[in-house]
Every structure is written in structure tokens, then in C-alpha cells.
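# Examining the three-dimensional arrangement
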Amino acid sequence: MVNSESHSSNDQVPPSTTCSPHEGGCKEAEDKLTECMLTLPKVKELTTKAMNSVFKTDASHDVAEDKFADYMKGGACKEPFMALAECPDRDNTHKQIAMLKCMEAHSDYYHKYNEIIDKQVSKEVESMFPGGEVKLALGVHEFFTKGEGDCCKEQYFACMDCLIEEGFNEEEEEEFGPGFINFGKWLLRLL
């Protein structure tokens, strides 16, 4: 499988060094990919659009927005919410990340809005890559490997490698062996 003549990094599957599915799942790799993604203009645009539709951060206030603001202020994420709400640049990625991380850390209180944000972001991504699950997966893959998200390729592959490893439980790993997992990683790079 490895081209022994070229020895280039493109024809070899590097070992996963950034995460292990046995050390808290793939959360670390997912977080690193998310942080990288949020620096990309297209992802910033989609995230801001999704958050604005959920948080309704426009200047007009109605009863629903006031209730939402009161709800946000009533939880542990009051400070990041206020920092974002009062920021003239509501597209501020760092403040959005801070608020989303806080909401995730306190999901017992914010679970309702976490689910709404996830659905809205999914809806925005699906609108970028229409045509069903396969076209969505291939579109996302191409975005990170050959398109605008190319600068996050390393984080993308680390996350995907971890998810491939996580997809095999101990029984399956014994049945197929580590060579099968490496083949899956290699195949992903050929797409």
C-alpha cells in the first residue's frame, strides 16, 4: 500500500498522535477541528447566520427575545452571553466560541439551545452540499481536503482517524486487525 519508491507523506497513513478514541473519545480532535474551522470565512458566515437565527441578536426586541435573554443570563454563561450581545461585532468568533463552549460545559441548563444551534448549523451545512448524506459527506471531505477548508486538513484527518478507530470496538479490532483500520484511513486520504 505504501509506495516504497517515493516515501512521500501522501502515500502513507500517519499514526494518530493527536487523539485516541480510548482517551475520552474523539472530543479533543473534534475541538481542535472546530477551533480551526471557526477561522474559515465560510464557516464563520454559516456559524454567525445560525447563531443569529437562534439568538436573534438584531436590534429589535420582542417578548420572546427578552425571555431568551433572561434565560441565558439565568445560567452559568451569563458573562459570555453578555459579552457577545454587547459586542458591536457579533461575528466575533472568539466570543462565539467562548459562549458555545460555556453552553456545552453547562449542557444540563442549556441543552435546549445547544440542540437548536446544532440543528441550525446542520441545516446550513446541508444547504451548502445538497443531495443527501453521501453528497454531504463527500462535500465536507472535499471542503477540508481540496477546498476552502484546506488549512484545517491536518485537524480534519486527525478527527476522522480518531472516528475510524472509535468505530471499531475491541471485538471488531481483533477480527479485522489494525491493518484494516489503517486501510480505512488510507482510503479516506484517496477520496
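Preceding this paragraph is the structure being described.
Thresholds applied
Residues numbered from 1 in each chain as written. Predicted model: local features only at pLDDT ≥ 70, side-chain atom pairs only at ≥ 80, totals over all residues. Heavy atoms only, no water. 1 Å grid on protein atoms, 1.4 Å probe; cavity = no way out; pocket = protein on both sides within 12 Å on 5 of 7 lines; lining within 4 Å. Points joined across faces, edges and corners; volume = space filled by probe spheres on them. Helix = DSSP H or I, 4+ residues; strand = E, 2+ residues; numbered from the N terminus. Nonpolar A, V, L, I, M, F, W, Y, C, P; charged D, E, K, R; others polar. Domains from an automatic or database assignment. Disulfide = S-S within 2.5 Å. Polar contact = N/O pair within 3.5 Å; in protein donor to acceptor, adjacent residues only side chain to side chain.

## Brief notes about the layout of surface pockets
Looking at the largest pocket, its volume works out to about 1200 Å³. Broken down by element, the residue count for the lining of the largest pocket peaks at eight residues, all from helix α6 (residues 107-128). For the lining of the largest pocket, a count of residues per class yields 21 nonpolar, four polar and eight charged. Taken domain by domain, the makeup of the lining of the largest pocket includes at least three residues from each of domain 1 (25-37 + 149-190) and domain 2 (41-130).

## Observations concerning the state of the cysteines
As enumerated under the stated definition, the model contains three disulfides in all. Each bonded cysteine of the chain gets a number by its place in the sequence, and the pairs then read 1-6, 2-5, 3-4. Unpaired in terms of disulfides, Cys151 finds its nearest cysteine sulfur in Cys152, a separation of 4.2 Å.

## So, the side chain of Glu165
One can find Glu165 in helix α8 (residues 153-166). Here Lys185 takes part through its side chain, which lies 2.5 Å from a polar atom of the side chain of Glu165.

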